[in-house]
Structure formats: C-alpha cells, structure tokens
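# Structural overview for review
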Amino acid sequence: MQRCTGFRFRRVLLAVGLAAGLAACGAPGGDGGGQAADPKAVPDKPSKPVELNILDVAGNLQLTKQMIENFKAAHPEVLAKVTYSTAPAPSMAGKLKAEQDGGVAQTHLVLSGTDGLSAGIANGTLAKVLPDFSSRFPNLMQNYLEPAAKMQELANGYGVEVVYYPSGPLLEFNPGAVPAAPASPQELLDWAKAHPEKFQYAQPSNSGPGRTFLMGLPYLLGDKDPKDPDKGWDKTWAFLQELGKYVKYYPSGTTETMKNLASGSVDMIMSTTGWDINPRKLGTVPNTVKTAIMQPMHWVTDAQYALIPKGLSPDQESAILQLVAWMLKPDQQAIAYDDGYFYPGPAVKDVTLQMAPQKSQDTLRQFGRPEYEQWISQYPKETSLPAEQQVKAFDKWNQLVGGSKVGKK
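A brief structural summary. (Residues numbered from 1 in each chain as written. Predicted model: local features only at pLDDT ≥ 70, side-chain atom pairs only at ≥ 80, totals over all residues. Heavy atoms only, no water.)

### Some points on the side chain of S184
The condition is simple: Every helix listed is a DSSP run of H or I at least four residues long, and every strand listed is a run of E at least two residues long, numbered separately from the N terminus. Note on definitions: a residue-residue contact is assigned when non-hydrogen atoms from the two residues lie within 4.5 Å.
Within the secondary structure, S184 is located in the loop between strand 7 (170–173) and helix 8 (185–194). Setting aside anything within four residues of it in sequence, one finds S184 in contact with M294 and Q295.

Below is the structure:
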C-alpha cells in the first residue's frame, strides 16, 4: 500500500464523519453506543473457525496486516478466512448503520483513527469493548506506553488502541532555501512574512500535519486553554490569521504539500514524524530535506484503534477479541515500525526497533532521524483534542483562517 493513500484515508474529515453519524441517528443518548454481547455468552474460543471482514478507514493495514496474517497462520482453529477492504472514514458510520438496520453485520472489525471512532460512537454502531471484556486484555493500561494509555482513554471503551505515535508538530524544509529553521512561532511568522507564499500547511480537517500544527500551537503560544479551541485559543487564532496573509492557499491534503516542497514551489511545510520519514523512503520528497521543532515544544499524540461493530455473533466476537489481544503482543507490535508510516508505531512498552523486521530496521536506519528519539523522550506529550473539540477547532479554522484560500492554487 502506498503511504500517501493510507494517510489520505486516515485524515479524512472528522467533522463530516461525526455529522454523518448524528444525522443518521439523532443525537446519541445514554452512553452513545451499543453494548456487545453478554461477555458470559462469548466463548474463549469460537466453536468453529470464523471468517472475518475487516474494514480499514485509517491506512492502518500498512501497520497491522502482517500481525493479522500471523495470527491467522498461528490459529487456524480461530480464523478460517480474512477479507480486507478500505474506505474513507466518513463513510464508515453510515455503512455500519445500514448493515445493522438491515440485520446483517457484513463488517466485523474496523481499523480506524479518532475520526471513525467518534463517528461510530455518535451513531451508536460500535459495541462497548471495555470494561465488558477487560479480562481478555489483562493489564491493558499498564502495558501501554504512558501517552498511549492516555489516547486509549479517549476511546471511552469503544475501541482498543493498536498503534500510537507522537505526531508533531514539525517543520519540514529545504535547507538550501532555509539555512536556519524558525525556532519559535514568532520566527516562523517573521520568515513567512519575508518569504511570502513559500510556507504552507494543508487543511487541518484532512491533514495529520495540519491538524497537529493546529492542536500544537496553543502550547507553543502559551494560550489560555489548549483544550478549548472556542474560548481558550485567542493567541492561536490571531497568529494563524496573521500567518495566513503570507500563505498562498491551503491544500486539501498533506500529499500536495509534500509535492510542493519537492518541486520548490514552497520551501517549508508542516510535518510529523511519519510524514517526514515515509515520503522520503518513497521518493516523494528528496532525502535532503530537514526537520525542526519550535519551542516550547509539546508533542501532540495520535493513535489508531480496533473497533467492533454491534450485531456480531458470539463466535465472531470471540475470534476478534483473540486477534486484537494478539496484535498487542510485543513481538507483533514491533511490526508497526513499518517504513516509518506512523513512527515509531508500537503502542505498548518495551518494543524496540531491534525487534522489528529487518526491512523496517534498514528503512529507519537510512531515513530515520536520530534526534527523534531524543525529542520524543525530552518533550511533553499532549493527547489530541477530543472529537467534539476537534470539530469546533476545524469549524473555527474554516471561518477565521481558511476562507477563500482553501484548496485554491
């Protein structure tokens, strides 16, 4: 799978996905989702091998498909067949709702980022996994890396986190045109003013780097409440409006910003660890580009989850629970290093690069950056905004910042 394709799926509009879920079913009541089958009715192992249809709306299979195939090979008594499909995240909630209303659950496991997760919770199509089945995941929270455990809490029990990374925000730039990278938001603004139309980031609602930049700025600027984009981001909105005077347009996705950097039409863009490493490996951007952080640096973290739709049989749920528990084993988590797609990738503790496949080790030795390991350990990590707050942030960015420059070259 091409890296850009995976990210295009993963970074689709959270706002649209959530709105679609609400429109399909009205505002959620109670806990906002459906309960799984009675845990007592779900056997430890299925009565016979099951077939599973897995839907990926996050580009997650690039990280986890080998884990799934390893489980299938090791446990033929559990899985008879696995079918994979991909789709944009906004379509997920509506697809699950249509299947469940029709009484036929054709999708058995969903691999999703925070966008699909929030939409599925909103329209009540996801089964509650935790704490209902916590016995199937012993010491789950203790086994996660600390910042990954905080991202797991955002799932509210409706998903199990399978991969994690401290995303950014990072500046990515052509060192031939930018000899010294800006070290603060003010220096970035000064540089953009001196080099109009040479800095760019993509629309936050459809871009990991754009979204991470948006959520990271309140920490960089010392805003009143980094978790409240409506009432706590006065400095952030003022900064983005001023910066926008020197931005030609905001592309609809990150891939376009990468191509613009490679072509020289811009000299600096917003990035993340994965968006820096993997496009250089693919040759989308030259390996000569550099990255930098601004101070005071705070990482904004990201994660992807395994979601179980409502309406499955006890045997299907049994197989899925075993599969997800398998995916959290350290030797399987090491596969998530991949080609830097979600760097580092593993969500659980004590998973080193030396445990990863040789291909991943070779890729990261060539295209990784030694400073990332230091920066990840050195700087604080903040969880992404909850889904409702992300919607508010995207809406306000569209109103105050994006305006007529969205997607227009």
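Now that the structure is up, let's keep going.
### Considering the nonpolar core
To keep things clear, this is the line we draw: Put simply, buried Ala, Val, Leu, Ile, Met, Phe, Trp, Tyr and Cys residues joined by side-chain atoms within 4.5 Å make one nonpolar core. When accessible area is computed with a 1.4 Å probe and restricted to protein chains, residues below 20% of their type maximum are described as buried, those above 50% as exposed, and intermediate ones as partly exposed.
Core analysis: the largest hydrophobic core is formed by 77 residues, its most contacted members being I68, L79, L117, F137, Y144, V160 and L323. Broken down by element, the residue count for this core peaks at 7 residues, all from helix 13 (residues 314–327). Once residues within four sequence positions are removed from consideration, L79 is found in contact with P49, V50, L52, F71, K72 and A319. Ranked by size, the runner-up nonpolar core spans 32 residues in total, among them L189, M215, A292 and V401.

### Regarding the pattern of salt bridges
Charged atoms that come close allow side chains of opposite charge to pair. Condition: Criterion for a salt bridge: a side-chain nitrogen of Lys or Arg within 4 Å of a carboxyl oxygen of Asp or Glu.
Applying the stated criterion across every chain, the model contains 10 salt bridges. With a closest N to O distance of 3.1 Å, E99 and K95 form a salt bridge. With E99 and K95 both in helix 4 (residues 90–101), this residue pair falls 4 residues apart, about one helical turn. Look at K95 and you get partly exposed, because its relative accessible area is 34%. Its salt-bridge partner being D339, residue K359 comes within 2.7 Å of it at the nearest N-O pair. Taken together, the residues span a long stretch of sequence, with K359 in helix 15 (residues 358–367) and D339 in the loop between helix 14 (330–333) and helix 15 at a distance of 20 residues. On the accessibility criterion, D339 (8% relative accessible area) is buried. Among the ionic contacts, a cluster of salt bridges with common partners joins D276, R280 and R369.

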